[in-house]
Amino acid sequence: MFWGLIIEPGKKYSQTVDSSFHISKATLDLSSANDEDITLLLDYEGQQEYILCHLNKSNKQECLDLNFQAGDSISLFSHGQASIHLSGYLLGDDDDDEMTLGDMMEEEEEDDDEEEDEDVDEEMDIKDLRASLVAKAVKRAQPEKSKDGKAQKKAKVEIEQEDDDDEDEAEEEEEPKQPSPKQLSKAQKKKEKKALKQQQSPKPAGAAPAQQPQVKKEGAPPAADKKTKAEAPKSPAKQTLPGGLVVEDLKVGSGPESKKGDMVAVYYCGKLAKNGKQFDQTNKGPGFKFKLGQGRVIKGWDLGVAGMKVGGKRKLTIPASLAYGAGGAPPQIPPHSTLVFDVELKALN
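As the structure is a computational prediction, the values presented were derived from the model and not from experiment.

Engineer: Tell me about the environment of Lys-274, and name the residues and values.
Structural biologist: By the secondary structure assignment, Lys-274 is in the loop between β13 (263-272) and β14 (278-282). Judged by its relative accessible area of 68%, Lys-274 falls in the exposed class. Placed 66 residues apart in sequence, Lys-274 and Val-340 show a C-alpha to C-alpha distance of 9.5 Å.

Engineer: Describe the sheet that holds strand β4 (residues 38-44), listing the residues and the values that go with them.
Structural biologist: Across the sheet, four strands lie side by side as β2-β7-β4-β5; this open sheet has antiparallel pairing. At either margin of the open sheet sits one strand with a lone partner, and together these are β2 (12-16) and β5 (49-55). Across this sheet, the average inter-strand angle for adjacent strands is 15°, counted without regard to direction. Two elements, β2 and strand β7 (residues 73-79), share five bridges in a ladder whose sense is antiparallel. Across the sheet, the residue bridging to Tyr-13 is Leu-76, located in β7.

Engineer: Which residues make up the confidence of the model for the chain, and what values do they have?
Structural biologist: Of all residues in the chain, 64% have pLDDT values of 70 or greater, and the mean over the chain is 76. Low pLDDT (under 50) marks residues 204-210, which in the prediction has eight contacts with non-local residues, meaning those over four places away or in another chain.

Engineer: Please set out unusual backbone geometry residue by residue, giving values where relevant.
Structural biologist: With an omega dihedral of 0°, the bond running from Pro-330 to Pro-331 counts as a cis peptide bond. Positive phi values are uncommon outside glycine, yet His-336 reaches one of about 55°. Among the secondary structure elements, His-336 is positioned in the loop between β16 (313-318) and β17 (339-348).

Engineer: So, the side chain of Asp-302: which residues are in play, and what are the values?
Structural biologist: Residue placement: Asp-302 occurs in helix α4 (residues 299-305). Buried charged residue Asp-302 carries no salt bridge. Nearest counter-charge: Lys-260, at 8.2 Å. Among the polar contacts made by the side chain of Asp-302, one reaches the main-chain amide nitrogen of Gly-295 at a distance of 3.2 Å. When sequence neighbours within four positions are dropped, the list of residues in contact with Asp-302 reads Phe-290, Lys-291, Leu-292, Gly-293, Gln-294, Gly-295, Arg-296 and Val-297.

Engineer: Give me the environment of Thr-317: which residues, what numbers.
Structural biologist: Residue position: Thr-317 is located in strand β16. A relative accessible area of 23% places Thr-317 in the partly exposed class.

Engineer: Describe in detail the side chain of Asp-262, supporting the description with residues and values.
Structural biologist: By secondary structure assignment, the location of Asp-262 is in the loop between β12 (246-251) and β13. Judged by relative accessible area, which is 9%, Asp-262 ranks as buried. Here the side chain of Asp-262 touches Lys-259 through a polar contact of 2.9 Å, landing on its backbone nitrogen. Beyond its immediate sequence surroundings of up to four residues, Asp-262 is in contact with Glu-257, Phe-290, Lys-291, Leu-292, Leu-348 and Asn-349.

Engineer: Pulling in residues and values, what's your account of the nonpolar core?
Structural biologist: A general feature of soluble globular proteins is that nonpolar side chains tend to end up buried together. One finds Val-266, Phe-290, Trp-301, Leu-316, Ile-318, Phe-341 and Val-343 to be the most contacted residues of the largest nonpolar core, which totals 31 residues. Elements that contribute at least two residues to this core include exactly β13, β15 (288-291), α4, β16 and β17. When sequence neighbours within four positions are dropped, the list of residues in contact with Trp-301 reads Val-266, Tyr-268, Phe-288, Phe-290, Leu-292, Ala-306, Leu-316, Ile-318, Phe-341 and Val-343. In this structure, Phe-21, Ile-38, Ile-74 and Leu-86 belong to the second largest nonpolar core, which totals 20 residues.

About the cut-offs
- Residues numbered from 1 in each chain as written.
- Predicted model: local features only at pLDDT ≥ 70, side-chain atom pairs only at ≥ 80, totals over all residues.
- Heavy atoms only, no water.
- Helix = DSSP H or I, 4+ residues; strand = E, 2+ residues; numbered from the N terminus.
- Buried < 20%, exposed > 50% of the residue type's maximum accessible area, 1.4 Å probe, protein only.
- Pairing = 2+ DSSP bridges.
- Axes fitted to C-alpha atoms, helices over the stretch in contact; angles between N-to-C directions.
- pLDDT = per-residue confidence, 0-100.
- Contact = heavy atoms within 4.5 Å.
- Lys, Arg positive; Asp, Glu negative; His and termini not counted.
- Salt bridge = Lys/Arg side-chain N within 4 Å of Asp/Glu carboxyl O.
- Polar contact = N/O pair within 3.5 Å; in protein donor to acceptor, adjacent residues only side chain to side chain.
- Core = buried A, V, L, I, M, F, W, Y, C linked by side-chain atoms within 4.5 Å.

Pasting the structure below:
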């Protein structure tokens, strides 16, 4: 929403701010100007007077970047014989409860954990079933003993090589009697042949049957599944939140975590997404301060800064609906503009 004020010569405009606002530009009224310089000054919280800019006919306007929050005590006045027009915009007064970034990230992590558990359980069931089929196939393939204790005559069978085997010819070996192909599926026969090749070899007549391989009990989690659980994926550094806000953690801080109601201080750099043109920046002194989640800034900031830790850096890509909307903030921010902010959380209390 637009904000404006005309500073007339010899008058001082003092107030305690009710609604937070931003001053973007100071423009000299040429109709009342002479050849002298006109100086715009600020008295903030009863401190010393600050010079904001000097204006004259050759330099008739200056861009400003001033934010005043509710409760600030300020006075604006000028030295000179011409009027100065100040323009800017209100920072908003929307106190609706919004889900914080921390709450959204926690819900997404819970959904990811549930999906991962389902995938792991399904993989365990498949591996246990395969292990059981291999064990049964190997057991049925063992040679049967006759009444006098001697092994029955072995039949020659051709063992097919695996698809990824480098040999071109199949080996013919003496193997125990195979189950009928009609009793096993294609996948079962493949598993059976692989197990027989690895654990059995031709033996002299009268040799004792090969020892059965040890098979894990059904239900025991395979080692691969333990590794899967141990290496559960971390929360992604880049997320798209409801409303189209894109949050990317460039650096996770080590200090306290910000939450709704905290007074935070940040350094930031704002650019237009469509062409990368910088329109705003604060990177010196105590930083830009505001109360988080109270509507003192655009909604994209209230959502995007929540959950940051002191010392952390975050990139926020904010759609127009969570920034300045259809009206924009002329002249720096056109209507319907998507904005990109690099934000560093310096302090909170």
